[in-house]
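So you can see what is in the structure, the chains are spelled out below.
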Number of protein chains: 4
Amino acid sequence: MSPRTEKQLEAHKKEKKEKIIRGALRLFATKGYFNTSISDIANELNISKGSLYNYFDNKERLLNEAVDFALKEASELNLSEDDLKDLSPEKIFKAVVEGYFKLLEEKKELWSLIVSLAIHVGSIPSVHKTISSIYEELTKQLSELFTMIGHHDPENEAVKLGALMDGIGIQYMIFGESYPLNSIKENIIKGYINSKKNLP
Amino acid sequence: MSPRTEKQLEAHKKEKKEKIIRGALRLFATKGYFNTSISDIANELNISKGSLYNYFDNKERLLNEAVDFALKEASELNLSEDDLKDLSPEKIFKAVVEGYFKLLEEKKELWSLIVSLAIHVGSIPSVHKTISSIYEELTKQLSELFTMIGHHDPENEAVKLGALMDGIGIQYMIFGESYPLNSIKENIIKGYINSKKNLP
Amino acid sequence: MSPRTEKQLEAHKKEKKEKIIRGALRLFATKGYFNTSISDIANELNISKGSLYNYFDNKERLLNEAVDFALKEASELNLSEDDLKDLSPEKIFKAVVEGYFKLLEEKKELWSLIVSLAIHVGSIPSVHKTISSIYEELTKQLSELFTMIGHHDPENEAVKLGALMDGIGIQYMIFGESYPLNSIKENIIKGYINSKKNLP
Amino acid sequence: MSPRTEKQLEAHKKEKKEKIIRGALRLFATKGYFNTSISDIANELNISKGSLYNYFDNKERLLNEAVDFALKEASELNLSEDDLKDLSPEKIFKAVVEGYFKLLEEKKELWSLIVSLAIHVGSIPSVHKTISSIYEELTKQLSELFTMIGHHDPENEAVKLGALMDGIGIQYMIFGESYPLNSIKENIIKGYINSKKNLP
DNA sequence: GATGAATGAGGGTTCATTCAT
DNA sequence: TATGAATGAACCCTCATTCAT
């Protein structure tokens, strides 16, 4: 009944790692990394502390893998290249921006955890690397999107859009539900579409 | 040379508090709040651990007062109302934006500490309040600036500019020196000035 | 040799707890609760400070469990119901009173620790509850004893005898070895036996 | 307006010491000696910590002087020899016993503080001496009382009455207001008076 | 005499990590 | 692989006491 072959074993291990990561992520996101102890995580998952160390070398590595996992999962929410081909530029923008705003609303705590870790290098240097490499990737994708659309200076535009969206995230975290997330979203979408139209 | 009157005593105490705050801020900014121990701060300042507690009830209070102090100091870098009167709208924008970018460059670690604390409520709730109240104030000031300039929908514009600048901060923290801070700065300044010109 | 089954594990843990309790009790009794540090206890037992916290949530809980343990152990020194059946009233009295005096002499420090904790609620409220519930139990048993013997107003008599014995304890603690413990013991025993004989 | 002569100075100092003692006693009695800090006392009295050390060498000495003070004050509540002369034996007993019960009720916390300190030598050895010497004195007075009344074996009777009253104190502290203090008081008074009458 | 900032030893407690089972 | 007791360093904080003013 239990897995036998090496492959099965590997799969089983991966599954368990993912389980742990999800649990850890849940706690890190709500309580913060430093306020979450290894014991907390073990309790959350109903496993032993020692067992955790069979899957992760130490707490910081667990954090890094968890952040990596979360970022990859979040990326998957975004559009695949196939989608891009079939959509008009306007729709692509709408989809990208709306996807991001959805992430912001639905995974608020996770977003704030990751960004707060990312921007303060001094706290946990290793995680900074993990996040920035993914960030770079995302910006590149955004830039490609602008290129496909035929924007002049797509890189600069990608950087600016990325910054604007992150900034909205910050303000949303700080001001909470009183922040006019929706109207800003509409405003952005309209702005980009119009500005494009206005171009010669 | 030593203080005698009650006033001098009070002033002396305030001075010392500020000294401690500066030291703590230095360490919090570079190592992070959770990685900075009370001992570290005491050592940094060459005073005893116990002495710290004559000035601050506990570590979290020290953080809050430090953050408050830093934010107020940073605000003072911004323009006073007098300045606003004498400057043309274009110049005011330039000054505000440039002031912010200067802050970003010169107090990188401090900026990242504060924002990372601000956005993740779960880590230290109390500091979230301290920061958000100041943030609200800043947004209001920005909004007033837009009103004075005669922008339609100044509030929305203030929120957007605030978000954009914060977002640039994030990206700067993540990408580091490779981030094209200057070209973006110019781009923003030009953009705002042009967009205004385009208005009827 | 080492425990394997869950039952053995449980038993092993209970054993260790008891070991810690005995060590803590030894120190609390001689030095006092507040003068005994967690470090002291760990040293006494040749274990680490941290290990203690695997068995007891905190120092106060350890005290409470220790007191509880001591009181229960002391109670067991008293007579079982079987004994009562086989003895004449005179002998029961003798046994009870002598048992108490023996306790007083042989566990002097422990007795004084517990009573001193019990009577001053302000010091450690939690332990006051622990002790008073046991005290209530003891008084009830004493009352039942008087009922069995046929004393009129057994409750009142139980309270009075309890008070007298506690008072003797106090005086013994204060006056030390010069206190005529033995003669008083005899006096009490005789007094109760005679008074009973005088009843119709 | 301020005291000049040495005598006045001395008197002034004594007054202040007494003030401090009363404040300290208040806190010791309610919170316990170990839970009361020098700062607490200074705050209670609105004086500085440093000032306290002008009057008492250290905390333990303050406790000893406070206990001494309290015991002497309590003793003064008892009957003077003059009173004894004018009263019948029955009335003297009544007065002594009632005085003690009044003390128990009105200065509950103080009584429990002192007795708890007295019986546990390990906690604060010095105070044990302070209290036991006063206790000895009180027992002697009680013994003299019995002698005056013509009791055979007055010493033994004094010890027993002392013990009984202390024991009642303990039980009162443990059981609180549910303890039938009044009925026991009446019972004791009647008991002693009757037993005396019953003597040939 | 009065003050309260400074001290520094020590307090209880937490926690990531190890390791024997 | 799973366990959880054991560790020990580090943490935040308290406090009696001192001393310059």
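Residues numbered from 1 in each chain as written. Chains lettered and ligands numbered in written order. Predicted model: local features only at pLDDT ≥ 70, side-chain atom pairs only at ≥ 80, totals over all residues. Heavy atoms only, no water.

**A short note on the overall build of chain A**
- Helix and strand counts for chain A stand at 10 helices and zero strands.
- Taken from the N to the C terminus, the helices and strands of chain A come in the order α-α-α-α-α-α-α-α-α-α.
- Here chain A holds 200 residues, and 46% of them are scored as buried.
- Across chain A, contacts joining residues at least 24 apart in sequence account for 66% of those joining residues at least 6 apart.
- Element-wise, carbon and sulfur atoms account for 50% of the exposed surface of chain A, whose accessible area totals about 10700 Å². (Helix = DSSP H or I, 4+ residues; strand = E, 2+ residues; numbered from the N terminus. Buried < 20%, exposed > 50% of the residue type's maximum accessible area, 1.4 Å probe, protein only. Contact = heavy atoms within 4.5 Å. Areas by Shrake-Rupley, 256 points an atom, 1.4 Å probe, with all protein chains shown as cover.)

**Quick notes on the relation of the copies chain C and chain D**
- Its rotation angle being 179°, the transformation that places chain C on chain D also includes 0.0 Å of axial translation and leaves an RMSD of 0.2 Å. Put plainly, the chains are arranged around a two-fold axis.
- Of all interface residues in chain C, 100% are interface residues in chain D too; the two copies therefore contact each other through one and the same surface. (Least-squares fit on C-alpha atoms with pLDDT ≥ 70 in both.)

**A closer look at helix α8 (residues 125-149) of chain D**
- Between its first and last C-alpha atoms α8(D) spans 37 Å; for 25 residues at 1.5 Å apiece the expected length is 36 Å, and the two agree.
- Positive backbone phi, at 90°, marks G150(D), one or two positions downstream of α8(D). (Expected span 1.5 Å × (residues − 1).)

**Digging into the side chain of T130(D)**
Residue and element names in this part refer to chain D.
- Among the structural elements, T130 can be located in helix α8.
- In this structure T130 comes out as buried when scored by relative accessible area, which is 17%.
- Apart from residues no more than four positions distant in its own chain, T130 is found in contact with N64, V67, D68 and L71.

**Here's the deal with the interface of chain A and chain B**
- Chain A puts 40 residues into the contact, and the matching count from chain B is 40 residues.
- Where chain A abuts chain B, roughly 3300 Å² becomes buried across the two surfaces, and 66% of that area is made up of carbon and sulfur atoms.
- Three residues stand out in chain A for area buried against chain B, namely I119(A), H120(A) and I174(A), and they jointly supply 20% of the buried area on that side.
- On the surface where chain A and chain B come into contact, there are zero salt bridges.
- The tally of links between chain A and chain B comes to 12 residue pairs in polar contact (both at pLDDT 80 or more).
- Taken together, the elements giving at least two residues each to the side of chain A that touches chain B come down to α1 (6-31), α7 (108-119), α8 (125-149), α9 (154-175) and α10 (181-198) of chain A.
- Of the residues assigned to the side of chain A that touches chain B, the class counts are 19 nonpolar, 16 polar and five charged. (Buried area = accessible area lost by both parts, 1.4 Å probe. Salt bridge = Lys/Arg side-chain N within 4 Å of Asp/Glu carboxyl O. Polar contact = N/O pair within 3.5 Å; in protein donor to acceptor, adjacent residues only side chain to side chain. Nonpolar A, V, L, I, M, F, W, Y, C, P; charged D, E, K, R; others polar.)

**Some thoughts on unusual backbone geometry**
Residues and elements named next belong to chain B.
- Here N46, not a glycine, exhibits a phi torsion of approximately 55°, which is positive.
- Here N46 lies in the loop between α2 (38-45) and α3 (49-52).
- The class of N46 is exposed, set by a relative accessible area of 72%.

**Observations regarding the domain arrangement of chain A**
Residue and element names in this part refer to chain A.
- Per the domain assignment, the segments of chain A are domain 1 (1-66) and domain 2 (77-199).
- At the junction of the two partners, domain 1 supplies nine residues and domain 2 supplies nine residues.
- Between domain 1 and domain 2 lies a buried interface of about 780 Å² when both sides are counted; carbon and sulfur atoms form 71% of it.
- Taken as a group, A29, L63 and N64 account for 51% of the area that domain 1 buries against domain 2, more than any other trio of residues on that side.
- Scanning the region where domain 1 abuts domain 2 turns up four residue pairs in polar contact (both at pLDDT 80 or more).
- At the level of secondary structure, the elements contributing two or more residues to the side of domain 1 that touches domain 2 comprise α1 and α4 (59-77).
- A total of four residues in the side of domain 1 that touches domain 2 trace back to one element, the largest contributor, which is α1. (Domains from an automatic or database assignment.)

**Considering the packing of aromatic side chains**
- One pass over the full model with this rule turns up 22 aromatic pairs over all chains.
- Ring geometry for F175(D) versus Y179(D): centroids 6.2 Å apart, planes at 15°, classification stacked. Comparing F175(D) with Y179(D), the two get one shared label, buried.
- By the ring-pair criterion, three or more aromatic residues cluster together here, those being F28(A), Y33(A), F34(A), F28(B), Y33(B) and F34(B).
- Between K108(A) and the ring centre of Y172(A), over which it is positioned, the NZ or CZ distance is 4.8 Å. (Phe/Tyr/Trp six-rings, centres within 6.5 Å; stacked < 30°, edge-to-face > 60°. Lys NZ or Arg CZ within 6 Å of the ring centre and 35° of its normal.)

**A few points about the interface of chain C and chain D**
- Taken together, the 40 residues of chain C in the interface contact 40 residues of chain D.
- Both sides of the chain C and chain D interface together cover about 3300 Å² of buried area, and 66% of this is carbon and sulfur.
- Together, I119(C), H120(C) and I174(C) form the three largest contributors to the area buried by chain C at its contact with chain D, with a combined 20%.
- For the pair chain C and chain D, the interface holds zero salt bridges.
- Listing elements by their share of the side of chain C that touches chain D, those giving two or more residues are α1 (6-31), α7 (108-119), α8 (125-149), α9 (154-175) and α10 (181-198) of chain C.
- When residues in the side of chain C that touches chain D are grouped by element, the largest group, 14 residues, is from α9(C).
- Its residues placed into classes, the side of chain C that touches chain D shows 19 nonpolar, 16 polar and five charged.

**Here we look at the environment of A163(D)**
Residues and elements named next belong to chain D.
- One can find A163 in helix α9 (residues 154-175).
- The class of A163 is buried, set by a relative accessible area of 1%.
- Separated by 24 residues in sequence, A163 and T139 have C-alpha atoms that sit 9.8 Å apart.

**Quick notes on the nonpolar core**
- In this structure, I168(A) and I168(B) are the most contacted members of the largest nonpolar core, which totals 131 residues.
- For I168(B), the contacting residues outside a window of four places in its chain are A163(A), F101(B), L104(B), Y179(B), L181(B), I184(B) and I188(B).
- With 130 residues, the next largest nonpolar core counts L117(C), I124(C), A158(C) and L161(C) among its residues. (Core = buried A, V, L, I, M, F, W, Y, C linked by side-chain atoms within 4.5 Å.)

**A word on the packing of α7(C) against α8(C)**
All names here are of chain C.
- It is the contact of α7 with α8, at a shortest axis distance of 8 Å, that shows an interaxial angle of 110°. Classified by the angle their axes make, α7 and α8 are roughly perpendicular. Seen from α7, the contacting residues are I114, V115, L117 and A118; seen from α8, they are V127, H128, I131 and Y135. (Axes fitted to C-alpha atoms, helices over the stretch in contact; angles between N-to-C directions. Parallel < 35°, antiparallel > 145°, perpendicular 65-115°, else oblique.)

**As for the pattern of salt bridges**
Residue and element names in this part refer to chain A.
- Per the stated rule, a full pass over the model turns up 40 salt bridges over all chains.
- Across the pair R22 and E73 runs a salt bridge whose closest N-O atoms are separated by 3.2 Å. Here E73 lies in helix α4 and R22 lies in helix α1, a separation of 51 residues in the sequence.
- Across the pair E73 and K107 runs a salt bridge, and its minimum N-O distance is 3.7 Å. Note that E73 is positioned in helix α4 and K107 in the loop between α6 (89-106) and α7, a separation of 34 residues in sequence.

**Thoughts on the side chain of S132(B)**
- Here S132(B) is to be found in helix α8 (residues 125-149).
- Contact partners of S132(B), with chain neighbours within four places excluded, come to I174(A) and F175(A).

**Overview of the packing of α8(D) against α9(D)**
Residues and elements named next belong to chain D.
- One can describe the packing of α8 onto α9 by two numbers: an axis separation of 8 Å at closest approach and a directional angle of 125°. Regarding the angle of α8 to α9, the classification is oblique. The hand of the α8/α9 crossing is right-handed. Of the residues in α9, those in contact with Y135, T139, L142, S143, F146 and T147 of α8 are P154, E155, E157, A158, V159, L161, G162 and D166.
- Within the contact of α8 with α9, the residues separate by chemical class into seven nonpolar, four polar and three charged. (Left-handed = near helix turned anticlockwise from the far one by under 90°.)

**As for the environment of A42(D)**
Residues and elements named next belong to chain D.
- The residue A42 is located in helix α2 (residues 38-45) in this model.
- Residues A42 and S132, spaced 90 residues apart in sequence, show a C-alpha to C-alpha distance of 29 Å.
- Setting aside its immediate chain neighbours within four residues, A42 contacts I47, S48, K49 and L52.

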